[in-house]
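# Structure at a glance
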Amino acid sequence: MVKHYPEDHKQAVIRKLVESGLSLGQFAKQESINLSTLYSWRDKYLKVGSSLTESNSLDGWSPEQKFSIE
């Protein structure tokens, strides 16, 4: 059965990812989230330009966070 998460949960997870400084792979393992799911959520919020940090930008994302597959 596929889990469906509310949008606010997805945004909270991505916000936590941004603030953690971890790679996507590390974060997925730490949070027990499927890596593909995490990529999907991250890509969705990058495309729409959602404000996920208190500074209302995604400027806090390092290249490693955006593209890492560890």
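Residues numbered from 1 in each chain as written. Predicted model: local features only at pLDDT ≥ 70, side-chain atom pairs only at ≥ 80, totals over all residues. Heavy atoms only, no water.

Once that is clear, we can look at the overall build of the protein chain. Secondary structure summary: the protein chain contains 4 helices and 0 strands in total. In sequence order, the secondary structure elements of the protein chain are arranged as α-α-α-α. Here the protein chain, with 70 residues, has 34% of them falling under the buried criterion. At a minimum sequence separation of 6, the contacts of the protein chain that also span at least 24 residues come to 60%. (Helix = DSSP H or I, 4+ residues; strand = E, 2+ residues; numbered from the N terminus. Buried < 20%, exposed > 50% of the residue type's maximum accessible area, 1.4 Å probe, protein only. Contact = heavy atoms within 4.5 Å.)

This part covers the packing of helix H1 (residues 7-20) against helix H2 (residues 24-31). Running from N to C, H1 and H2 cross one another at 125 degrees; their axes reach a closest spacing of 11 Å. One finds that H1 runs oblique with respect to H2. Read as a crossing pair, H1 and H2 show a hand that is right-handed. Each of Val-13, Lys-16, Leu-17 and Ser-20 in H1 lies in contact with H2, whose residues at this interface are Leu-24, Phe-27 and Glu-31. Of the residues assigned to the contact of H1 with H2, the class counts are 4 nonpolar, 1 polar and 2 charged. (Axes fitted to C-alpha atoms, helices over the stretch in contact; angles between N-to-C directions. Parallel < 35°, antiparallel > 145°, perpendicular 65-115°, else oblique. Left-handed = near helix turned anticlockwise from the far one by under 90°. Nonpolar A, V, L, I, M, F, W, Y, C, P; charged D, E, K, R; others polar.)

Following the sequence through the fold, Glu-7 ends up in helix H1. For the pair Glu-7 and Trp-41, spaced 34 residues apart in sequence, the C-alpha to C-alpha distance is 9.5 Å.

Under the 1.5 Å per step criterion, the end-to-end length of H1 is 20 Å for 14 residues, consistent within 8% with the ideal 20 Å. Of all the residues in H1, the buried ones are Lys-10, Val-13, Ile-14, Leu-17 and Val-18. For H1, the buried positions fall inside an angular range of 140 degrees around the axis, keeping them on one side. Structural note: H1 exposes Asp-8 and Glu-19 on the side pointing more than 90 degrees away from its buried face. (Expected span 1.5 Å × (residues − 1). Arc of directions from axis to C-beta.)

Quick look at unusual backbone geometry now. Positive phi, normally seen in glycine, also occurs at Ser-32, with a value near 55 degrees. For Ser-32, the position within the fold is in the loop between H2 and helix H3 (35-48). Ser-32 sits in the exposed class, given a relative accessible area of 67%.

The next point concerns the pattern of salt bridges. Following the criterion strictly, the structure yields 4 salt bridges and no others. Residue Asp-43 is joined to Arg-42 by a salt bridge in which the shortest nitrogen-to-oxygen separation is 2.7 Å. A residue is classified by how much of its surface remains accessible, and Arg-42, at 5% relative accessible area, is buried. Shared partners join several salt bridges into a network, and the residues in it are Glu-7, Lys-10 and Lys-44. (Salt bridge = Lys/Arg side-chain N within 4 Å of Asp/Glu carboxyl O.)

Keep in mind that these numbers describe shape and distance, not what the molecule does.
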